[in-house]
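The chain contents come next:
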Amino acid sequence: LLGFATITQKITLTENAVLDFQLEPSITENVGVVITGQSSSSDPKHTPAPITVVTNTQLQQNSATNIIDAVAKLPGISQLGTGPGISKPVIRGLGYNRVVVVHDGIRQEGQQWGDEHGIEIDDNSVNRIEILKGPASLSYGSDAMAGVINLMSAPTLPSGTIKGTVFSNYQSNNGMIANSVNCAGNLNGIIWDARYSNKMAHDYKNRYDGGVFDSRYKEENFSGLIGINKAWGYSHLSFSSYHMLAGIVEGARDSLTGRFVKEIRVNDTVAAPGYANDKDFISYQMATPHQDIRHYKATWNNCFIINSTLLKTTLAFQQNQRKEFGDVLNPEQFGLYFLLNTINYDVRFIFQEKNHSQISTGINGMQQHSQNKGEEFLVPEYNLFDIGGFVIAKKSWKKLDLSGGIRYDIRMQKSQNLFLDSNGIKTENADAGTFSRFTAFNSTFQGISGSIGFAYQHSEKIYSKLNLSRGYRAPNIAELGANGEHEGTLRYEIGNENLKAETSTQIDLALGFDYDHLSGEIDAFGNDIQHFIFLEKLNSTNGSDSLSGGLPVFKFVSGHAQLIGGEATFDFHPHPFDFLHFENTFGFVLAHQLNASDSTKYLPYTPAPVLRSELRANMNKQWKFFRNGYIKIEAENYFMQNRIYAALGTETETPGYFLLNIGAGTELIRKGIMVCSLNLAVNNLADIGYQNHLSRLKYSDPNYVTGRNGVYNMGRNISIKLTIPLYIKKSK
């Protein structure tokens, strides 16, 4: 409970008992227990693997444009951005299919290989986030080599309770309007939860570009859960229907004026270039080009208590539809259209703890079928099946916690041939008048993952942790078989079916302290990755960029990568001013290739070091109409990133910048019951013009008028959140 010391006590779920707890005040913040990648829930200080927690309070008090943006301020966590609507998670310099995003126990599958492919999850449905850094998670197998981001919904309500929530958020920079309403209940163990959310935003703006044309987006999501909770366990059936429309920022400019240009339909057969105007920048209607993404998911989660052993089973179906529209003369006709069907399965046993020891074991995996339904082709159609089995064990002594495990995975991936006729139309017959766009291949990858580590409590106030882990990742379909224009990334991509699976060996060290008025932790890691896969720009025979259709050509290659770095957190809350918190975090990654030339020495898309400081005053005293008030000021200092993959201009240096943010909030109460909560945040208070090193938009067209390259990130943004709880029925 916030403001009180942690109490840990073992209980038996199958027995009826009344337990009384005496809470003691504590200045130290309590994040509760974590479950990600563990055999059972654990205190983070007793978990060898590095885990970061984002509480619901933090999610409410911070301003974000999407769910990955909400965690990107944590040390060691970054985002590969395509404007405010689409973000991809990066953990300690590794992203794409190296990060597994889990939502309520199921890994999200929605074309993670694409730069401009975001996470199809309603951020309003997320109550808590746990982030496991490194390949220590044996529960998720291939693709969890960089870590796991576990997004969790709110826990089910106590029996006899029905309540709801109405939420609204407005953000000034891009006029974002977000609303969400939900109703949940529990009557005699029959539970339900239903939610509807929508969001829309026009183009964002900054001090150098003004409005950034076609950065608008819309989201809509309906999700629900129905189930039963009993003494024998539970059975829950959940579903969601997510729809997003997102503009594709190409950043094309007029060379004389520097204004953003767009194609304008003159008549049914003629399109001409024109300028984006002020009305375009504040329009919520989709422009061309844009994406249309739909994600459907149904999940059946079960937990059975069998002689004090937990049997957990999960079966899920996901369908991801991703279309790209780019023809102003035929705006309803999609070019690219990926249709991906995924079946996820998971069965695991968690055995009863005996003598402070616990073991869990299980198998999980997925089956996928991907089709090309469009007129343009980037990756081949394919079928994928993988399966993995694991064992995770934990042993605790008085001061020492030891945990580890092992996992074996096998993944089979089979692609299909694709033949096109002289007009570029898909045909089933191969003859003299056709050419092959994709050649079928059949690949099998297998790998062993494992980890072992300990956490040692030197005293009640000081602890240390050490963890050794090995990870494995099979190449994705784009890395193996891409062959086409990826307009969303402004490049032509070529796959390489000879790529081998990546293998990672990582060591993590941590030292933490937790005094009444001073707490912190220092984490360091070293990661060695064999067969590391990345995109390399190709050269033509005359030494210039290799081009296809006016786009530079990139090919997937591999090398030997090493990453070292760490994070540090420091929180000072001085006595007698216990309401003050001065929090500081620092994170950095150095990523390079072995046996490489100077221009190819560093790995592409490595985040810059960043130092964050926050001074927050918590007003815990309850007044007549207010409680849980706070006010904060935050400084973000991003350092220059000059360790870049410079070959053929693949990357450019990014100068450092400094951002200032402020926030405040409170709960309004009546007769001791919360009526609503208000949260105000202002990001980039000074309206600084900057480019994040992981922003893909910094590589769009230069502005020849100002001499600046690419598009800049969002300027000053004011966020206002209002949450209204609805107390329909309270438990006795």
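Heads up: the structure comes first, above all this text.
Report follows, based on the coordinates. All values reported here derive from a predicted model rather than from experimental measurement. (Residues numbered from 1 in each chain as written. Predicted model: local features only at pLDDT ≥ 70, side-chain atom pairs only at ≥ 80, totals over all residues. Heavy atoms only, no water.)

1. Some thoughts on the overall build of the protein
Next up, step 1: In terms of helices and strands, the protein carries three helices and 39 strands.
Next up, step 2: A globule of 732 residues ought to have a C-alpha radius of gyration of about 27 Å, and the protein, at 26 Å, matches this closely.
Next up, step 3: With respect to the principal axes defined by its C-alpha atoms, the protein has extents near 80 × 55 × 50 Å.
Next up, step 4: Residue burial in the protein is summarised as follows: out of 732 residues, 54% are buried.
Next up, step 5: Total accessible area on the protein is roughly 32,400 Å²; 57% of this is exposed by carbon and sulfur atoms. (Helix = DSSP H or I, 4+ residues; strand = E, 2+ residues; numbered from the N terminus. Rg over C-alpha atoms; globule rule 2.2 N^0.38 Å. Buried < 20%, exposed > 50% of the residue type's maximum accessible area, 1.4 Å probe, protein only. Areas by Shrake-Rupley, 256 points an atom, 1.4 Å probe, with all protein chains shown as cover.)

2. A closer look at the sheet that holds strand 24 (residues 426-427)
Next up, step 1: Taken in spatial order, the three strands make up an open sheet running 24-23-25, and their pairing is antiparallel. Both outer strands of the open sheet, strand 24 and strand 25 (435-438), are each paired with one neighbouring strand and no more.
Next up, step 2: In this structure, strand 23 (residues 418-420) lies alongside strand 24, joined through two bridges in antiparallel fashion. From the neighbouring strand, Phe 419 faces strand 24, where its bridge partner is Thr 427. (Pairing = 2+ DSSP bridges.)

3. Overview of the sheet that holds strand 5 (residues 106-107)
Next up, step 1: The mixed open sheet is built from five strands, whose spatial order is 1-6-7-4-5. Since the sheet does not close on itself, it has two edges, and those belong to strand 1 (51-54) and strand 5, each with one partner.

4. A short note on the pairing of strand 30 (residues 502-514)
Two faces, one strand: in a regular strand the side chains alternate between the faces of the sheet.
Next up, step 1: As defined by bridge partners, strand 27 (residues 462-473) adjoins strand 30 across 12 bridges and the pair is classed as antiparallel. Bridged to Ile 462 within strand 30 is Phe 513.
Next up, step 2: The hairpin turn running from strand 30 into strand 31 (residues 518-537), its antiparallel successor, is three residues long.

5. Section: the pairing of strand 17 (residues 290-306)
Next up, step 1: In this sheet, strand 17 lies alongside strand 14 (residues 233-247) in antiparallel orientation, the contact comprising 15 bridges. If you follow Ser 240 over to strand 17, its bridge partner there is Lys 297.
Next up, step 2: Sheet analysis places strand 17 next to strand 18 (residues 309-325), joined by 17 bridges and oriented antiparallel. Residue Lys 297 lies in a different strand from strand 18, and its bridge partner there is Gln 318.
Next up, step 3: In this antiparallel pair of consecutive strands, strand 17 and strand 18, the connection spans two residues, and Asn 307 shows a positive phi of 50°.

None of this, on its own, says anything about what the molecule does.
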